[in-house]
Amino acid sequence: MQEKIINIIKTIEKEKRIRILFSIESGSRVWRLSSKDSDYDVRFVFVRPLEEYIRIDPSDDVIMAHFDKESNRMRQEGCYIDVSGFDVFKYSRMLHSSNPTVIEWLQSDLVYYGKKPKAWVEYAINQFKPIALYFHYKSMCKQNYVKYLKSGNEVTYKKYLYAMRGLVNAKHVAHTKTLPFIDFTKELEFMKGLNKKNKDKKKQLASNYIINSLQSMINLKKSGKEKDIIQNIAKVDNYIEDFLKDDNEAPREKKLDTTTELNKELRRIVLAG
């Protein structure tokens, strides 16, 4: 599959007359939450020729394409390889705002093509805004919980994991002021380690019950039961509800808002031709 994805990326690069800086896998495979039938979420960052940026009618800053298992183009719905890329300017703005999606692209350890700029990786690690990242992840939790779990529209292990991943990552940022682990199984191990050190529940990211419940969900998802409709899990629902109602643990301090490093890297990339 990796060879097929690399060929797809190279084809897009040629067809769109762009230069792809790097392409990675995003989503459940990188989070180590994928199941046997999980699709591929391929993401990339691209730069256009300099003259394309000096025009009245700007070019699209997002490129999307969708493919089946044999690399044939198809509609997005039901596709097996979902490909999406951001222009370098759009990506830089999102990185500056500490958008978790683009930060996770830099954390991905499944790289298909190119190389992630070192300056961006260091910026994500050292200059991310804890407050912004916390509320981004909290919003992810709320969207999945309200739309699928609380409403009862699609109560599945997958939706529980996606809602809880937003919750856990938000708590990680609030308590440690560091980026959460991209590998969610490592995040759970980290949480268990904290619980052993801290008996004070206020200093724990989650109870052992919640952690064990998440581990069970991961195992069930990997076994192919991710889309099975299930009953709501009251203790987990209550935990999510309490989290969404309370912002007392949100980070308070703000980091110096600077664009110097990102502008410098942006110029280097675009002017490189």
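Here goes a summary of the coordinates provided. (Residues numbered from 1 in each chain as written. Predicted model: local features only at pLDDT ≥ 70, side-chain atom pairs only at ≥ 80, totals over all residues. Heavy atoms only, no water.)

As for the nonpolar core
Across soluble globular proteins, you tend to see nonpolar side chains buried next to one another.
(1) Moving on: Formed by 62 residues in total, the largest nonpolar core has its most connected members in Phe 22, Val 88, Tyr 91, Leu 95, Trp 120, Met 164 and Leu 214.
(2) Moving on: For this core, the element with the highest residue contribution is helix α7 (residues 157-176), accounting for 11 residues.
(3) Moving on: One finds Ile 9, Ile 63, Phe 67 and Ile 81 within the second-largest nonpolar core, a separate group that totals 19 residues. (Core = buried A, V, L, I, M, F, W, Y, C linked by side-chain atoms within 4.5 Å. Buried < 20%, exposed > 50% of the residue type's maximum accessible area, 1.4 Å probe, protein only. Helix = DSSP H or I, 4+ residues; strand = E, 2+ residues; numbered from the N terminus.)

Focus on the packing of α7 against helix α8 (residues 184-197)
(1) Moving on: Where α7 meets α8, the closest approach of the two axes is 11 Å, and the angle between their N-to-C directions is 50°. When the axis of α7 is compared with that of α8, the two are oblique. For α7 against α8, the interelement crossing comes out left-handed. Contact residues: α7 offers Met 164, Arg 165, Val 168, Asn 169, His 172 and Thr 176, while α8 offers Phe 184, Glu 187, Phe 190 and Met 191.
(2) Moving on: A per-class count over the contact of α7 with α8 returns five nonpolar, three polar and two charged. (Axes fitted to C-alpha atoms, helices over the stretch in contact; angles between N-to-C directions. Parallel < 35°, antiparallel > 145°, perpendicular 65-115°, else oblique. Left-handed = near helix turned anticlockwise from the far one by under 90°. Contact = heavy atoms within 4.5 Å. Nonpolar A, V, L, I, M, F, W, Y, C, P; charged D, E, K, R; others polar.)

Quick word on helix α4 (residues 100-107)
(1) Moving on: Extensive coverage of α4 is indicated by the burial of six of its eight residues.
(2) Moving on: Every buried residue of α4 is listed here: Pro 100, Val 102, Ile 103, Glu 104, Trp 105 and Leu 106.
(3) Moving on: Capping the start of α4 is the job of one residue whose side-chain oxygen sits 2.9 Å from the backbone nitrogen of Thr 101: Asn 99. (Polar contact = N/O pair within 3.5 Å; in protein donor to acceptor, adjacent residues only side chain to side chain.)

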